[in-house]
Amino acid sequence: MTSSSINAAEILFDVRRVTRRFGGLVAVNEVSLSVARGECISVIGPNGAGKSTLFNLLTGIDTPDAGEVRFRGEDVTGMAPEQLAARGVARTFQHGRVFGNLSVLDNVLIGAHARLAMTRRGWPVVGAFAEVLRALAAPGTVRREDAALREEVTTLLARFGTRLAPRIDQPAHSLSYANRRRVEIARALALRPQILVLDEPTAGMNESETAEMLELILELKRDGLTMLLIEHKLELVMRLSDRVLVLDDGRKIASGLPNEVRNDPAVIEAYLGNRQVGAHAVRNETAAA
Ligand code: ADP
Ligand code: MG
């Protein structure tokens, strides 16, 4: 192997000047981004900056009005979420999405079943979900396969320490918010993704839950998993990220190493500037009252 083939990291996402408008509002404005295999990249920025919209464009939940999304060299712009999932893009949502009436185990089995169905048939995850429903009803062949999958899922859940393992048969709706988010990540991992896309994985978590999530993400990173995440807690961003991308008002205002970005005047302005605007507005209201 030549040194260049060792050093040249494979580009997973190559996003070129994507734009998404909602009426007159430009939620994402000509944003470009590339993610190489093994990288952990954080997207930060004030509320309403366009972070979740950008993630929706990358994961097929939404389609850009302009620009291009390439994944491993293929133009995937406008593809459906299940097509992207079949290519190895797994995600979690800002407000968490688990099947409340299904057990922890079955929620995560959905991810594993989806992966198997995709490997067998190419891609249709819609078919995979139908398969999961059959699996839950458990006729013979599926049940045999289930035994292996259950073992796999149990091993996967062990990553979450004692948080999920004792609750494996409980319905997801009975779990704490933090645990439901862990289930969602476990389900995404069961897809054995090429990249894990996390929208605010620690939102609504207290300090110790956040610390645990940080440890989990660091562990996934050590395993070589590529990750793209939105995160508000800057301390976490600094510890996790190889690179940081900063959005404000739909535009990319900075990107680079965590420390470079932290000291970037435009970033300080976007964060502190907004806060001052808020404080100023309050002062004005008080003055007017
Ligand atoms: P962030 O995740 O950075 O907080 P979002 O991507 O959720 O920001 O939103 C960016 C902007 O786009 C916000 O002004 C939001 O109100 C708007 N927006 C997001 N989704 C929609 C939608 N489906 N329809 C209309 N406006 C939207
Ligand atoms: Mg958001």
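Below is a short write-up of the structure.

The rules we used
- Residues numbered from 1 in each chain as written.
- Chains lettered and ligands numbered in written order.
- Predicted model: local features only at pLDDT ≥ 70, side-chain atom pairs only at ≥ 80, totals over all residues.
- Heavy atoms only, no water.
- Buried < 20%, exposed > 50% of the residue type's maximum accessible area, 1.4 Å probe, protein only.
- Helix = DSSP H or I, 4+ residues; strand = E, 2+ residues; numbered from the N terminus.
- Pairing = 2+ DSSP bridges.
- Expected span 1.5 Å × (residues − 1).
- Contact = heavy atoms within 4.5 Å.
- Polar contact = N/O pair within 3.5 Å; in protein donor to acceptor, adjacent residues only side chain to side chain.
- Near = heavy atom within 4 Å.
- Areas by Shrake-Rupley, 256 points an atom, 1.4 Å probe, with all protein chains shown as cover.

1. A look at the pairing of strand S6 (residues 89-92)
Burial along S6 is two-sided: Val 89 and Arg 91 and Ala 90 and Thr 92, pointing in opposite directions, are all buried. As defined by bridge partners, S6 adjoins strand S7 (residues 195-199) across four bridges and the pair is classed as parallel. Paired with Val 89 across the bridge in S7 is Ile 195.

2. Concerning helix H8 (residues 207-222)
Taking 1.5 Å per residue, 16 residues should reach 22 Å; H8 reaches 23 Å between its end C-alpha atoms and fits that length. Restricting attention to buried positions, one finds in H8 the residues Glu 209, Thr 210, Met 213, Leu 214, Leu 216, Ile 217, Leu 218 and Leu 220. Tucked inside the fold, the buried residues of H8 contact helix H7 (177-190), S7, strand S8 (226-230) and helix H9 (234-240). Near the N-terminus of H8, the side chain that reaches the backbone nitrogen of Ser 208, with its oxygen 3.1 Å away, is that of Asn 206. Following H8 by one or two positions, Gly 224 has its phi on the positive side, about 95°.

3. Quick word on the site of ligand 1
Lining the immediate surroundings of ligand 1 are Phe 22, Leu 25, Ala 27, Pro 46, Asn 47, Gly 48, Ala 49, Gly 50, Lys 51, Ser 52 and Thr 53. Taking Gly 48, its main chain carries an N or O atom lying 2.8 Å from an oxygen atom of ligand 1. At 3.1 Å from an oxygen atom of ligand 1 is found a main-chain nitrogen or oxygen belonging to Ala 49. Protein burial of ligand 1: of its 550 Å² of free accessible surface, 59% is covered by the chains. Every element with two or more residues in the shell around ligand 1 is listed here: strand S2 (25-36) and helix H2 (51-59). In terms of residues, the shell around ligand 1 owes the most to one element, H2, which gives three residues.

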